[in-house]
Amino acid sequence: MKTLEDQMAFYAAYHQDPRNKATHFIGVPFIMLSLFIPLAWLRIDVGGLSITAAMVFAAIVLMYYFFLDLLLGIAMLVVNAALIWAGERIAALGMAQGWIWFALLFVGGWILQLVGHAFEGRKPALADNLFQIFVAPIFLAAEVFFALGYKPGLHAAVQERAKQLRLSATDARLTTAS
């Protein structure tokens, strides 16, 4: 399993432009929320407690986040709880309203991210590694925490490795073109 530094560096190599990052701070939560809407309709009752597929999915991803970094995992727990709560509220509006919200948030979130990658001048990280879909949310949390002074050594290492990954990708494109 890759370390937090490994995951962050790979993702950061595709996300250096501040405009791209800004679009992701909106687009990624939109997409997460959109997915929690239909997952909220899938539920079972266990001892009087209603457990949704959104909760189960989030719990699985959160286990991975906690493995990567405890504090970032806690931050993602709070974010996921808020998004699951919002998804449940939207799902409670009914199927028709829920699917409309799903479509608006899902499509809007992806459009924002693609606009960001146009600014970046680079394809999304998930084009090279689909697992990056799960890294995006914790990457954004890490960006906030790094800006607040969290683990400056890790932040510097991530930025340096991202720079090297971008250079090696550029070298590979130049070699292929010639």
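Whatever comes next refers back to the structure up there.
Residues numbered from 1 in each chain as written. Predicted model: local features only at pLDDT ≥ 70, side-chain atom pairs only at ≥ 80, totals over all residues. Heavy atoms only, no water.

1. A look at the side chain of Gln7
For clarity, the cut-off: Counting from the N terminus, the helices are DSSP H or I runs at least four residues long and the strands are E runs at least two residues long. Here's how the labels work: a residue is buried when its accessible area is under 20% of the maximum for its type, exposed when over 50%, partly exposed in between, all with a 1.4 Å probe on protein chains only. Any pair of nitrogen or oxygen atoms within 3.5 Å is treated as a polar contact; in protein, a donor-acceptor pairing is required on top of that, and neighbouring residues in sequence qualify only through side-chain atoms on both sides. In this description, contact between two residues means that some pair of their heavy atoms is separated by no more than 4.5 Å.
Tracing the backbone through its elements, the reader meets Gln7 in helix H1 (residues 4–12). Exposure remark for Gln7: the relative accessible area of 4% places this residue in the buried category. Polar contacts involving the side chain of Gln7 include one to the side chain of Gln132, which spans 3.2 Å. Not counting chain neighbours up to four residues away, the residues in contact with Gln7 comprise Lys2, Tyr64, Phe131, Gln132 and Val135.

2. Considerations on unusual backbone geometry
The phi dihedral of Lys151 is positive, around 45°, even though this residue is not glycine. If you trace the backbone, Lys151 turns up in the loop between helix H6 (132–147) and helix H7 (152–177). On the basis of relative accessibility, which here comes to 37%, the residue Lys151 falls in the partly exposed class.

3. Some points on the pattern of salt bridges
For the record, the criterion: The term salt bridge refers to a pairing of a side-chain nitrogen on Lys or Arg with a carboxyl oxygen on Asp or Glu at a separation within 4 Å.
As enumerated under the stated definition, the model contains 8 salt bridges in all. For the salt bridge of Arg161 with Glu5, the shortest nitrogen-to-oxygen distance reads 3.2 Å. On the criterion of sequence distance, the pair formed by Arg161 in helix H7 and Glu5 in helix H1 is long-range, its members being 156 residues apart. Under the relative-accessibility criterion, Arg161 is labelled partly exposed at 33%. Glu5 sits in the partly exposed class, given a relative accessible area of 25%. Arg43 is paired through a salt bridge with Glu88; the nearest N and O atoms lie 2.9 Å apart.

4. Examining the packing of aromatic side chains
Counted only if it meets this: Side-chain rings of Phe, Tyr and Trp, where Trp is taken by its six-membered ring, are said to pair if the distance between their centres is within 6.5 Å; with planes under 30 degrees apart they count as stacked, over 60 as edge-to-face, and otherwise as tilted.
Following the criterion strictly, the structure yields 11 aromatic pairs and no others. Relative to Trp99, the ring of Trp41 lies with its centre 5.3 Å away and its plane at 55°, an arrangement referred to as tilted. Note that Trp41 is positioned in helix H2 (residues 18–41) and Trp99 in helix H5 (residues 95–120), a separation of 58 residues in sequence. With a centroid separation of 6.2 Å and an interplanar angle of 50°, the aromatic rings of Phe57 and Phe134 are classed as tilted. Of this pair, Phe57 sits in helix H3 (residues 53–68) while Phe134 sits in helix H6, placing them 77 residues apart in sequence. Classification of Phe134 as partly exposed rests on a relative accessible area of 29%. Following the ring pairs from residue to residue traces out a cluster consisting of Trp41, Trp99, Phe102, Phe106 and Trp110.

5. Re the packing of H3 against H6
Definition in use: All axes here are fitted lines through C-alpha atoms, helices being fitted over the stretch that makes contact, and every angle between N-to-C directions spans 0 to 180 degrees. A crossing counts as left-handed when the near helix is turned anticlockwise from the far one by less than a right angle, and as right-handed when that turn is clockwise. For this scheme, ten residues count as nonpolar: Ala, Val, Leu, Ile, Met, Phe, Trp, Tyr, Cys and Pro. Four count as charged, namely Asp, Glu, Lys and Arg, and the remainder, Gly too, count as polar.
Packing of H3 against H6 brings their axes to within 11 Å, and their N-to-C directions diverge by 65°. Of the two elements, H3 crosses H6, and the hand of that crossing is right-handed. Note on element contacts: H6 touches H3 through Phe134, Pro137 and Ile138, opposite Phe57, Val61, Tyr65 and Leu68. Broken down by class, the residue content of the contact of H3 with H6 amounts to 7 nonpolar, no polar and no charged.

Any functional reading would require information that these geometric values do not contain.
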